[in-house]
Amino acid sequence: MTHRFIRTAGALLLAVSAVQSFAQDFPNRALTMVMPYAAGGPGDTITRVFAGAMQKHLGQQIVVDNTAGASGSIGTAKVARAKPDGYTLLMIHVSHATNTAMYKSLPYHPVDDFEPIGRATSGPMLIATRNDFPAKNLQEFVDHLKANGPKVSLAHAGVGSASHLCGLMMMNALNVKLNEIPYKGTGPALTDLMGGQVDVLCDQTSGTVPPVKTGKIKAMAAAGKTRLPQLPDVPAISEAGVEGFEINISFGLYAPKGTPKPVLEKLTSALQKSVTDPDVRQRLEAMGISAVSADLARPEALRAHLKNEIDTLGGLLVKAGVKAN
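Residues numbered from 1 in each chain as written. Predicted model: local features only at pLDDT ≥ 70, side-chain atom pairs only at ≥ 80, totals over all residues. Heavy atoms only, no water.

1. Quick look at the overall build of the protein chain
Heads up, the rule is: Each helix is a run of H or I in the DSSP string that is no shorter than four residues. Each strand is a run of E no shorter than two, and both are numbered from the N terminus. Computation of the radius of gyration draws on C-alpha atoms alone. For the globule rule, the value is 2.2 Å times the number of residues to the power 0.38. The buried label goes to any residue with under 20% of its type's maximum accessible area, the exposed label to any with over 50%, and the partly exposed label to all in between, with areas taken from a 1.4 Å probe on protein chains only. By definition in these notes, contact holds between two residues if any of their heavy atoms fall within 4.5 Å. All tallies of charge rest on Lys and Arg as positive and Asp and Glu as negative; His and the ends of each chain are not included. Charge coordinates come from a single atom per side chain, which is NZ of Lys, CZ of Arg, CG of Asp or CD of Glu.
Per the secondary structure count, the protein chain includes 11 helices and 12 strands. Over its C-alpha atoms the protein chain spans a radius of gyration of 22 Å, differing by no more than 12% from the 20 Å that the globule rule assigns to 325 residues. For the protein chain, the spread of C-alpha atoms along the principal axes amounts to about 85 × 40 × 30 Å. Out of the 325 residues belonging to the protein chain, those deemed buried represent 51%. Restricting the contact set of the protein chain to residue pairs at least 6 apart, pairs at least 24 apart contribute 77%. For the protein chain, the distance from the average site of its 32 positive side-chain charges to the average site of its 26 negative ones is 5 Å.

This is how it looks when you write it as C-alpha cells:
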C-alpha cells in the first residue's frame, strides 16, 4: 500500500465525514424557497403554505423569494447557480418542463442542473367565461367556439403559462383558433375576464373557483374527464364529447444539482410530512387544489412527472410553434 493511496483514501474518508457532519447539522440557519413568479398569484400562495409547513419540521425559517420574469426562467436560473447545500430551493410548476421548448438557450437544464425533492400539489383546471358570454351551457359553449373562432378572445397569463397551455390544448381538441390575449400573470387576465373585456380563460381552480362562487365569472367546464369537487354541477368538458383535453398542474420542489443526498433526504422527509399535514391539505383544498400523497412527494415521482411534462406539454408547444418573445 503506497503512501499516495493512503493519502487518497484518507482524503476521501475526510470528505465523506465532512458531508455526513454537514448533513447532521442541516439546517442550522434560514432557508430560501424561490418562487419564480410574482407575489399574489396561486403559485406564490402554494409556496408560502409549504414554506410555513416545512419550516416546522426542519426547525428553521424558510423565506420565500419571488424572483419573477421570463416564464419563471429567471428565478429558476438563480437556484441552478446557487450553492448546492440545501439552503436554496425552487418551487415550480409546468414551466420547468415547457421552458425548454420555448427558449433556444436556457442558462440551465431542467433535469441536469437540479435535484428533485418531490411533488407537492396536484391542481385541475377550469374553463370560465365572462358573465354575459352568449353560451348558457357546455354544449352551447363548444358550438359557439367552433362557429366563431377568431372572434372569441382567449385570455392567458403569458406564453408558456398554465393558462396558455390549457388554452392551446382546448383549441387543439376543438380544432379551432381563438384570438389569444396574453397578460403578465393570472391576476390581470382574471380581472379583465371579470370586467367583461375578454371572453374566455382556462386556468387553475385556485384562481378561478372563488370568483365563480361569488358570481363574478361563469364556469363552463372542468378541463378533463371528471367534474370538480368544488363545483359538482359544472360538467367536465369530456361530457360534450371532447377528447384529448385533460391538463393538471402540479408544483414540485427542487434543489441545485450536487446537493448532498443526506440533505435531500431531510428535505424530502419534511415535504412528505407537510403534504400529509391536515392544515396544509385544508388550506390547499380551500384554493381548489390538492396536496399529493406522501408517496408522490419523493424524488422518483417528481423526476418521472417532469419527464412526462417535457414530452407531452413541451411537445404541444413545439407543435403550435410557440416561442418566447
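2. Details of empty space enclosed by the protein
The condition that has to hold: The rule is simple: put a 1 Å grid over the protein atoms alone, call a set of points where a 1.4 Å probe fits but cannot get out a cavity, call an open set with protein on both sides within 12 Å along at least five of seven lines a pocket, and count a residue as lining if it has an atom within 4 Å of a point. Grid points are joined across faces, edges and corners, and a volume is the space filled by probe spheres set on the points. Nonpolar residues are Ala, Val, Leu, Ile, Met, Phe, Trp, Tyr, Cys and Pro. Charged residues are Asp, Glu, Lys and Arg, and all others, Gly as well, are polar.
Applying the stated criterion across every chain yields a total of one cavity of 30 Å³ or more. In terms of lining residues, the largest cavity is bounded by Ile92, His93, His96, Ser250, Gly252, Tyr254, Leu302, His305, Leu306 and Glu309. Among the elements of the structure, strand E11 (252–256) and helix H11 (299–320) are those that each provide at least two residues to the lining of the largest cavity. The dominant element in the lining of the largest cavity, judged by the number of residues it contributes, is H11, at four residues. The residue inventory of the lining of the largest cavity, partitioned by class, reads four nonpolar, five polar and one charged.

3. What about helix H6 (residues 162–174)?
Here is the rule we go by: An expected span of 1.5 Å times one less than the residue number is assigned to each helix.
The terminal C-alpha atoms of H6, which comprises 13 residues, lie 18 Å apart, in line with the 18 Å expected from a rise of 1.5 Å per residue. Of all 13 residues making up H6, 11 are buried, and the element is well covered by its neighbours. Here H6 has its buried residues at Ala162, Ser163, His164, Leu165, Cys166, Gly167, Leu168, Met169, Met170, Met171 and Leu174. Taken from the residues just after H6, Asn175 is the one with a positive phi, measuring 55 degrees.

4. Observations regarding the layout of surface pockets
Roughly 870 Å³ of volume is contained in the largest pocket. Lining the largest pocket are 41 residues, with Tyr37, Ala157, Lys184, Gly185 and Thr186 positioned closest to its centre. Contributing elements (two or more residues each) for the lining of the largest pocket: helix H2 (42–58), H6, helix H7 (186–194), strand E8 (200–204) and helix H8 (205–213). Among the residues making up the lining of the largest pocket, the classes are represented as 18 nonpolar, 20 polar and three charged. Roughly 180 Å³ of internal volume is contained in the second largest pocket. Leu168, Met171, Asn172, Val176, Lys177, Glu180, Leu316, Lys319 and Ala320 together form the lining of the second largest pocket. Listed by contribution, the elements that provide at least two residues to the lining of the second largest pocket are H6 and H11.

5. Things to note about the pairing of strand E5 (residues 121–129)
In summary, the side chains of a regular strand alternate between the two faces of the sheet. What counts here: Here a strand pair is declared whenever DSSP counts at least two bridges between the two strands.
Across the nine residues of E5, seven count as buried, placing the element largely inside the fold. In terms of strand pairing, E5 meets strand E12 (residues 290–291) through two bridges, oriented antiparallel. Bridge pairing links Ser122 to Ser290 in E12. Where E5 lies against E8, five bridges are found, and the strand directions are antiparallel.

6. Examining the nonpolar core
Note the threshold: Residues belong to a common nonpolar core when they are buried Ala, Val, Leu, Ile, Met, Phe, Trp, Tyr or Cys residues joined through side-chain atoms within 4.5 Å.
Residues Phe50, Met54, Leu267, Leu271 and Leu284 are the most contacted members of the largest nonpolar core, which totals 47 residues. The contacts of Leu271, once residues within four sequence positions are left out, are Phe50, Met54, Ile117, Gly118, Arg119, Ala120, Leu253 and Ala297. Counting 37 residues, the second largest nonpolar core, distinct from the first, contains Ala135, Ala162, Ala223 and Leu317.

7. Section: the pairing of strand E4 (residues 114–119)
Most of E4 is tucked away, with six of its six residues classed as buried. Strand direction decides the pairing type here: E4 and E11, joined by five bridges, are antiparallel. Paired with Phe114 across the bridge in E11 is Pro256.

Function cannot be read off these values alone, since they describe shape.
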